[in-house]
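Each chain, letter by letter, is given below.
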Amino acid sequence: MMRPGSRGDSLQTPLTADALRTRDGHRVSFTMAGAADGVPVVVLHGGPGSGSQPGALRLFDLTRFRVVLIDQRGTGASTPHGSVRRNRTDRLIEDIEAIRVRLGFERWGVLGGSWGAALALAYAGQHPQSVTGVVMRGLFLTSMREVCGLFVTARKRAPHAWERLRAAADCDRPAALLARCHAQLQRCGGANEARQHALALAWRGYENAVLASASARRSLSPARGSRQNTRKLIGKYRIQAHYLMHRCWLRETRLLSLARRAAAAGVPLAAVHGSRDPICPPGNLRRLAHAVPAARVEYVRAGHLASDPALHERVAHALAVMFLPPAHEGRILRHAA
């Protein structure tokens, strides 16, 4: 397995950029890296709204994989940025499948982290014939329980940051905080932008403080920068609020049903989860294992982020075990577009 600083290092790996233009007005950006004849794997980012991270390439031996990073609708380099118009889970699944067809892959593997893990399960359940396997990190089950945990229960982990978010949202009741954030972030343009930026910064600060609470060694810097970065931050949390308010158009029962459908169709599932994850409860892994006994699940002494060395190592291992066949069985799952 490649390590940071090797040929798998994203800073040394050439990326090829392309985009899918949808019939409903979105331009979905995606980038590719790795061997042209490598084992294809698509990477689904979290958030929702975060955009793809080139650092994910460090999980792969790029001499043996062909990796596709997709910026989901309205995120990263996709346009219109921050748009929630025709932006919901079923459209994201359609985009993923359209990109697979566009690239000419008969089937491909799927890696997803956090929200991306939920999207990976939903995609595999809807298109099991297109998927060779799913690897998940920090599984999010899109439940009301998890959303309440983030906006209400987790405030005990970061009370000062939570208070700044509450004040920025002008919200008196913890249970109404997400709805207030959603209402403020959906308004576009004009004098609202300054308030939206303050809210997005406070949300980012709270999120970072909760993540940092899982490790005394970790400190995440606050978001700041240019006007362009300001708009990107607002767009990120506009999309995240939009998805969380609708429970990502999935909810736990349906998502686990899709996981069972994928497994019944022969799609192998593997999940790695930090035992100290403050965002996605570790109990999510037990729920997945109960719904899909064949799923390979593993707890790691870590938090939520893929950059945690322990999580990074085990996710990279799961990818190699899931998708890299012995040399004598090697075959390319690609055909001409």
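Being a predicted model, the structure only gives us computed values, none of them experimental. (Residues numbered from 1 in each chain as written. Predicted model: local features only at pLDDT ≥ 70, side-chain atom pairs only at ≥ 80, totals over all residues. Heavy atoms only, no water.)

### Some points on the nonpolar core
Nonpolar side chains in soluble globular proteins tend to end up buried together.
Part 1 of the argument: Counting residues in each nonpolar core, the largest one holds 77 residues, and the members touching the most others are Val 68 and Leu 288.
Part 2 of the argument: Here the element with the most residues in this core is helix α2 (residues 115-126); it accounts for nine residues.
Part 3 of the argument: Look past the residues within four positions of Val 68 in its chain and what remains in contact with it is Phe 30, Thr 31, Met 32, Val 41, Val 42, Val 43, Ile 99, Leu 103, Phe 105 and Trp 108.
Part 4 of the argument: Core analysis: the second largest hydrophobic core is formed by 27 residues, Phe 65, Val 135, Ala 318 and Leu 324 among them. (Core = buried A, V, L, I, M, F, W, Y, C linked by side-chain atoms within 4.5 Å. Buried < 20%, exposed > 50% of the residue type's maximum accessible area, 1.4 Å probe, protein only. Helix = DSSP H or I, 4+ residues; strand = E, 2+ residues; numbered from the N terminus. Contact = heavy atoms within 4.5 Å.)

### Re the packing of helix α1 (residues 89-103) against α2
Part 1 of the argument: Running from amino to carboxyl end, α1 crosses α2 at an angle of 70°, the nearest separation of the two axes being 10 Å. Comparing the axis directions of α1 and α2 gives the class roughly perpendicular. The interaxial crossing formed by α1 with α2 has right-handed handedness. Facing α1, whose interface residues are Thr 89, Leu 92, Ile 93, Ile 96, Glu 97 and Arg 100, α2 presents Trp 115, Leu 119, Ala 122, Tyr 123 and Gln 126.
Part 2 of the argument: Tallied by class, the residues present in the contact of α1 with α2 amount to seven nonpolar, two polar and two charged. (Axes fitted to C-alpha atoms, helices over the stretch in contact; angles between N-to-C directions. Parallel < 35°, antiparallel > 145°, perpendicular 65-115°, else oblique. Left-handed = near helix turned anticlockwise from the far one by under 90°. Nonpolar A, V, L, I, M, F, W, Y, C, P; charged D, E, K, R; others polar.)

### A short note on α1
Part 1 of the argument: The end-to-end C-alpha separation of α1 is 21 Å, in line with the 21 Å expected for 15 residues at 1.5 Å each.
Part 2 of the argument: Gly 104 sits one or two positions beyond α1 and adopts a positive phi of about 80°. (Expected span 1.5 Å × (residues − 1).)

### Quick notes on the sheet that holds strand β6 (residues 131-137)
Part 1 of the argument: In space, the eight strands of this open sheet follow the order β1-β2-β4-β3-β5-β6-β7-β8, with mixed pairing throughout. Sheet topology places β1 (16-21) and β8 (296-300) at the edges, where each strand pairs with a single neighbour. Direction aside, the axes of adjacent strands within the sheet are offset by 20° on average.
Part 2 of the argument: Where strand β3 (residues 39-44) and strand β4 (residues 65-70) come together, six bridges link them in parallel fashion. Across the sheet, Pro 40 pairs through a bridge with Arg 66, a residue of β4.
Part 3 of the argument: Packed on one face of the sheet, α2 meets β3, β5 (108-113), β6 and β7 (269-274) and runs near 145° to β5.
Part 4 of the argument: Most of the contacts of helix α9 (residues 283-291) go to β8, to which it runs at about 165°, and overall it touches β6, β7 and β8. (Pairing = 2+ DSSP bridges.)

### Some points on the pattern of salt bridges
Part 1 of the argument: As enumerated under the stated definition, the model contains 14 salt bridges in all.
Part 2 of the argument: Between Arg 166 and Glu 163 there is a salt bridge; the shortest N-O distance is 2.7 Å. A residue pair is termed a helical-turn pair when its members lie 3 or 4 positions apart in one helix, as Arg 166 and Glu 163 do in helix α4 (residues 159-169) at three residues.
Part 3 of the argument: Under the relative-accessibility criterion, Glu 163 is labelled partly exposed at 35%.
Part 4 of the argument: The closest approach of N and O atoms between Glu 252 and Arg 287, which form a salt bridge, is 3.1 Å. Here Glu 252, found in helix α8 (residues 252-264), pairs with Arg 287, found in helix α9; they are 35 residues apart in sequence, far enough to count as distant.
Part 5 of the argument: Judged by relative accessible area, Glu 252 falls into the buried class, the value being 14%.
Part 6 of the argument: According to the relative accessible area criterion, Arg 287 is partly exposed, its value standing at 35%.
Part 7 of the argument: Taken together, the shared-partner salt bridges in this structure form one network comprising Asp 24, Arg 73, Arg 91 and Asp 95. (Salt bridge = Lys/Arg side-chain N within 4 Å of Asp/Glu carboxyl O.)

### Observations concerning the pairing of β1
Part 1 of the argument: As paired elements, β1 and strand β2 (residues 27-34) share six bridges and run antiparallel to each other. Directly across from Leu 20, in β2, lies its bridge partner Val 28.
Part 2 of the argument: The loop that links β1 with its antiparallel partner β2 comprises five residues; one of these, Gly 25, has a positive phi angle of about 95°.

### Observations regarding the packing of α4 against helix α5 (residues 177-186)
Part 1 of the argument: With their axes 9 Å apart at the nearest point, α4 and α5 run at an angle of 50° to one another. Looking at the two axes, α4 sits oblique to α5. The crossing of α4 and α5 is left-handed. In contact with Trp 162, Leu 165, Arg 166, Ala 168 and Ala 169 of α4, α5 contributes Leu 177, Arg 180, Cys 181 and Gln 184.
Part 2 of the argument: Counted by class, the contact of α4 with α5 contains six nonpolar, one polar and two charged residues.

### Some remarks on the packing of aromatic side chains
Part 1 of the argument: The final tally for this structure, using the stated rule, is six aromatic pairs.
Part 2 of the argument: Positioned over the ring face of Trp 162 is Arg 155, at 5.3 Å from the centre of the ring. (Phe/Tyr/Trp six-rings, centres within 6.5 Å; stacked < 30°, edge-to-face > 60°. Lys NZ or Arg CZ within 6 Å of the ring centre and 35° of its normal.)

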